[in-house]
Amino acid sequence: MSHRHRLLLALSVLLVIVTGCANSNPVSNTPTASEAPEITDVSMRLQWLPQFQFAGYLVAEARGYYRDAGLNVTILPGGPDAIPLPLVATGANTFGSTGADTILISYEQGIEVVALATWFQASPVAFMVHRDSGIRSPQDFVGRRVAMFYGDNIETEYRALLAATGVDPASINEFPGDYSLAPFLERRADVWPVYATDQPYTARAAGAEIDLIVARDYGVELMGDVLFTTAEFAAKHPNTVRAFVQATLRGWQDALTDPAAAIDIILARSPDFDRGHLEFEATETIKLLRYGIGATCVGASDRQAWAKEAELLQSLGVLSMPIDPAAVLLTDAVDEYYRAQGIECRR
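Residues numbered from 1 in each chain as written. Predicted model: local features only at pLDDT ≥ 70, side-chain atom pairs only at ≥ 80, totals over all residues. Heavy atoms only, no water.

Before going further, it helps to examine the overall build of the protein chain. A tally of helices and strands in the protein chain yields 14 helices and ten strands. When the 347 residues of the protein chain are sorted by exposure, 55% land in the buried category. Counting only carbon and sulfur atoms, one obtains 51% of the accessible surface of the protein chain, whose full area is about 14100 Å². (Helix = DSSP H or I, 4+ residues; strand = E, 2+ residues; numbered from the N terminus. Buried < 20%, exposed > 50% of the residue type's maximum accessible area, 1.4 Å probe, protein only. Areas by Shrake-Rupley, 256 points an atom, 1.4 Å probe, with all protein chains shown as cover.)

Next comes the structure, spelled out in structure tokens:
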């Protein structure tokens, strides 16, 4: 089965198995009557546990920015059994976090979701190897045992990296990865896909000496986390969308200005987290937020970057047709937020 078909099948299956259904302005924090959210009770589904990757949402909640915007927001963790795309697409959750590639693939499949903000302007995906393994580049993957997470942005980036470096996937011993690093730490795997913002800290804390191979060093430019909702919800509830996006932007601005205070908020919510781990994650996350257009406007969407990603996915066979970024981007709330500060972000 092709990579594209696996991705489309994964999305289709996820949509079938979901059974539940549910339904700050930088100048003035209190919405006027005409700006009041049409719906006040909304939910936000993260991709994973509530860590620094999602600091903007967590800070906005803790500091009352959602409340100031007239919203009552429930933030929910994600995981293998709580994947944002199907939960938002079916109305079980209002907003979600996912990869840019998922938005594009969903559009082609007829799942009408829109990206409201692009947080990770560069992909967090990397390929972790033991320093003494002799693996220095993708060409060294040949004949090695490579763990893979199929049907998501990790596989997309992996296929793109192999294509860019002329490596035949059939020459690699792939096997499905899991959420424990034990196979890598025990050297039952030679290459392990990771988020560079997170798992490298865990591996080093366990005593491993590691290196990271990053796809963008080989010309593969992909993005990462985006905030999304359904096109239908955005059309029916524009004030709710604006309020949520702009309150979240306030949260991210605080988190970038004072990461230590953001970490305090995360630890108050999840005291079992390790501060050192969160500090590492904060440093690496901020690099991705500030990449490209994010250096001027965190959360802004660069249409050229989205167009390049769509072209790359089409060249890999993940998409069967070209997609105009305008079909999947709804940037008004972010653009207005920065325009109120005298900043023009549009690219």
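There is more to say, and it comes next.
Across the interface, helix α2 (residues 55–62) lies against helix α11 (residues 259–269) with an axial gap of 10 Å and an inter-helix angle of 80°. Looking at the two axes, α2 sits roughly perpendicular to α11. On α11, the residues touching Ala55, Leu58, Val59, Glu61 and Ala62 of α2 are Ala262, Ile265, Ile266 and Arg269. When its residues are assigned to classes, the contact of α2 with α11 shows seven nonpolar, no polar and two charged. (Axes fitted to C-alpha atoms, helices over the stretch in contact; angles between N-to-C directions. Parallel < 35°, antiparallel > 145°, perpendicular 65-115°, else oblique. Contact = heavy atoms within 4.5 Å. Nonpolar A, V, L, I, M, F, W, Y, C, P; charged D, E, K, R; others polar.)

Summed over all chains, the structure comprises 14 salt bridges. Here arginine 159 makes a salt bridge to glutamate 174, at a shortest N to O gap of 2.8 Å. Of this pair, arginine 159 sits in helix α6 (residues 153–165) while glutamate 174 sits in strand β7 (residues 173–176), placing them 15 residues apart in sequence. By relative accessible area, glutamate 174 is classed as partly exposed at 24%. When the shortest N-O distance is used, the salt bridge between glutamate 232 and lysine 236 registers 2.9 Å. Taken together, the residues glutamate 232 and lysine 236, both in helix α9 (residues 231–236) and four residues apart, mark about one turn of the helix. Several salt bridges share partner residues, and in doing so they unite Glu155, Arg159 and Glu174 into one network. (Salt bridge = Lys/Arg side-chain N within 4 Å of Asp/Glu carboxyl O.)

Before going further, it helps to examine the environment of isoleucine 83. Here isoleucine 83 lies in the loop between β2 (72–76) and α4 (84–89). Taking the relative accessible area as the measure of exposure, isoleucine 83 reaches 30% and is therefore partly exposed. A sequence separation of 14 residues divides isoleucine 83 from serine 97, and the C-alpha atoms of the two residues are 9.2 Å apart.

A separate point is helix α14 (residues 332–339). Buried within α14 we find Ala333, Val334, Asp335, Tyr337 and Tyr338. On the buried face of α14, the contacting elements are β4 (113–118) and α10 (238–257).

So, about empty space enclosed by the protein. In this structure, the largest cavity spans a volume of roughly 30 Å³. In terms of lining residues, the largest cavity is bounded by Ala122, Ser123, Glu157, Arg216, Val220, Glu221 and Leu222. When the residues that make up the lining of the largest cavity are grouped by side-chain class, the tally is three nonpolar, one polar and three charged. (1 Å grid on protein atoms, 1.4 Å probe; cavity = no way out; pocket = protein on both sides within 12 Å on 5 of 7 lines; lining within 4 Å. Points joined across faces, edges and corners; volume = space filled by probe spheres on them.)

Attention now moves to the sheet that holds β4. Read across the open sheet, the five strands follow the order β2-β1-β3-β10-β4; overall the sheet is mixed. Bordering the open sheet on either side are β2 and β4, each of which pairs with just one other strand. Mean inter-strand twist for the sheet, computed between neighbouring axes without regard to direction, equals 30°. Relative to strand β3 (residues 95–99), strand β1 (residues 41–45) runs parallel, the two sharing two bridges. Bridge pairing in β3 places arginine 45 opposite glycine 96. (Pairing = 2+ DSSP bridges.)

In this section: helix α5 (residues 100–108). The element α5 is extensively covered by neighbouring structure, given that eight of its nine residues are classed as buried. When α5 is considered as a whole, its buried residues turn out to be Ala100, Asp101, Thr102, Ile103, Leu104, Ile105, Ser106 and Glu108.

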